[in-house]
Amino acid sequence: MKMRYFEHRKARIEIIPMIDVMLFLLVFFIIITLQMIPDKGVNLQLPVSSQTDVLPHPKFTVNVLADGTIKVKDDVMTPDQLTAMFAADGAPDKTELTIATDKATAFQHFITVIDAARKAGVTDIGIAAQPGTPAD
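Just so it is clear, the model here is predicted, and its values are computed rather than measured. (Residues numbered from 1 in each chain as written. Predicted model: local features only at pLDDT ≥ 70, side-chain atom pairs only at ≥ 80, totals over all residues. Heavy atoms only, no water.)

**Here we look at the overall build of the chain**
Consideration 1: Within the chain, the secondary structure is distributed over three helices and seven strands.
Consideration 2: Secondary structure of the chain in N-to-C order comes out as α-β-β-β-β-α-β-α-β-β.
Consideration 3: For the chain, the share of sequence-separated contacts (at least 6 apart) that also reach a separation of at least 24 residues comes to 72%. (Helix = DSSP H or I, 4+ residues; strand = E, 2+ residues; numbered from the N terminus. Contact = heavy atoms within 4.5 Å.)

**Quick notes on helix H2 (residues 79-87)**
Since one α-helical turn is 3.6 residues long, residues separated by three or four positions face the same way.
Consideration 1: Taken residue by residue, H2 has Leu-82, Thr-83, Met-85 and Phe-86 as its buried positions. The arc enclosing the buried residues of H2, seen along the axis, measures out at 160°, which places them on a common side.
Consideration 2: The elements touched by buried residues of H2 are strand S2 (60-64), strand S3 (70-72), strand S4 (75-77), strand S5 (96-101) and helix H3 (107-120). (Buried < 20%, exposed > 50% of the residue type's maximum accessible area, 1.4 Å probe, protein only. Arc of directions from axis to C-beta.)

**Looking at the pairing of strand S6 (residues 124-127)**
Consideration 1: By the bridge criterion, four bridges tie S5 to S6 in an arrangement that is parallel. Its bridge partner being in S6, Glu-96 is matched across the sheet by Asp-124.
Consideration 2: Between the parallel elements S5 and S6, the chain passes through H3 in a crossover that is right-handed. (Pairing = 2+ DSSP bridges. Right-handed = clockwise from strand over helix to strand, strands pointing away.)

**Side note on the side chain of Thr-95**
Consideration 1: If you trace the backbone, Thr-95 turns up in the loop between H2 and S5.
Consideration 2: Within the local environment of Thr-95, its side chain forms a polar contact with the backbone oxygen of Ala-91, the two atoms lying 3.2 Å apart. (Polar contact = N/O pair within 3.5 Å; in protein donor to acceptor, adjacent residues only side chain to side chain.)

**A closer look at H3**
Consideration 1: With 14 residues, H3 extends 21 Å between its outermost C-alpha atoms, agreeing within 8% with the 20 Å of an ideal straight helix rising 1.5 Å per residue.
Consideration 2: Every buried residue of H3 is listed here: Phe-110, Val-113, Ile-114, Ala-116, Ala-117 and Ala-120. When H3 is viewed along its axis, its buried side chains cluster within an angular range of 155° and face the same direction. H3 presents Phe-107, Gln-108 and Lys-119 as exposed residues on the side facing more than 90 degrees away from its buried surface.
Consideration 3: Tucked into the core, H3 has its buried residues touching S2, S3, H2, S5 and S6.
Consideration 4: In the segment just after H3, Gly-121 is the residue with positive phi, at about 100°. (Expected span 1.5 Å × (residues − 1).)

**Some points on the sheet that holds S4**
Consideration 1: Ordered by their spatial adjacency, five strands build an open sheet running S4-S3-S2-S5-S6, and the pairing between neighbours is mixed. Two strands bound the open sheet, and with one partner strand each, they are S4 and S6. Across this sheet, the average inter-strand angle for adjacent strands is 30°, counted without regard to direction.
Consideration 2: Running over the sheet, H2 touches S2, S3, S4 and S5 and is turned about 110° from S4.
Consideration 3: In the packing of H3 onto the sheet, the strands contacted are S2, S3, S5 and S6, and the crossing angle to S5 comes to about 165°. (Axes fitted to C-alpha atoms, helices over the stretch in contact; angles between N-to-C directions.)

**A look at the nonpolar core**
Consideration 1: Ranked by size, the top nonpolar core spans 18 residues in total, and within it Val-62, Leu-82, Phe-86 and Leu-97 carry the most contacts.
Consideration 2: Of all the elements in the fold, those that place two or more residues in this core are S2, S3, H2, S5 and H3.
Consideration 3: Among all residues touching Leu-82, those that are not within four sequence positions of it are Val-62, Ile-70, Val-72, Met-77, Val-113 and Ala-116. (Core = buried A, V, L, I, M, F, W, Y, C linked by side-chain atoms within 4.5 Å.)

Following this line, the structure appears as structure tokens:
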């Protein structure tokens, strides 16, 4: 009499759970990678400076166009909306902000963005510039 309980079965590799795990990891890494892509902003002719430093990726990049339009992630904003966005961030004193303006932008538009940020309590403000030697 043969006992079936102790029969040796050939081991199998279950493929379906492995595929599920691999697809989950793929989706996870795609989402994380998309969050790491920096906001490139709009195409601006940045001013040139001989004293530029590479800054870490800021939480917000505010683009100021030559006509004074303020853009954050392709959304046009007013100074009041900008202040509200920074205040709603949770910890404005730890918010990192970079302001990128076109060469032709009036200085007043630049100051308007700084005022909106300072009203919300943002203190870590960077200014975008291209490295190089300014033409006289």
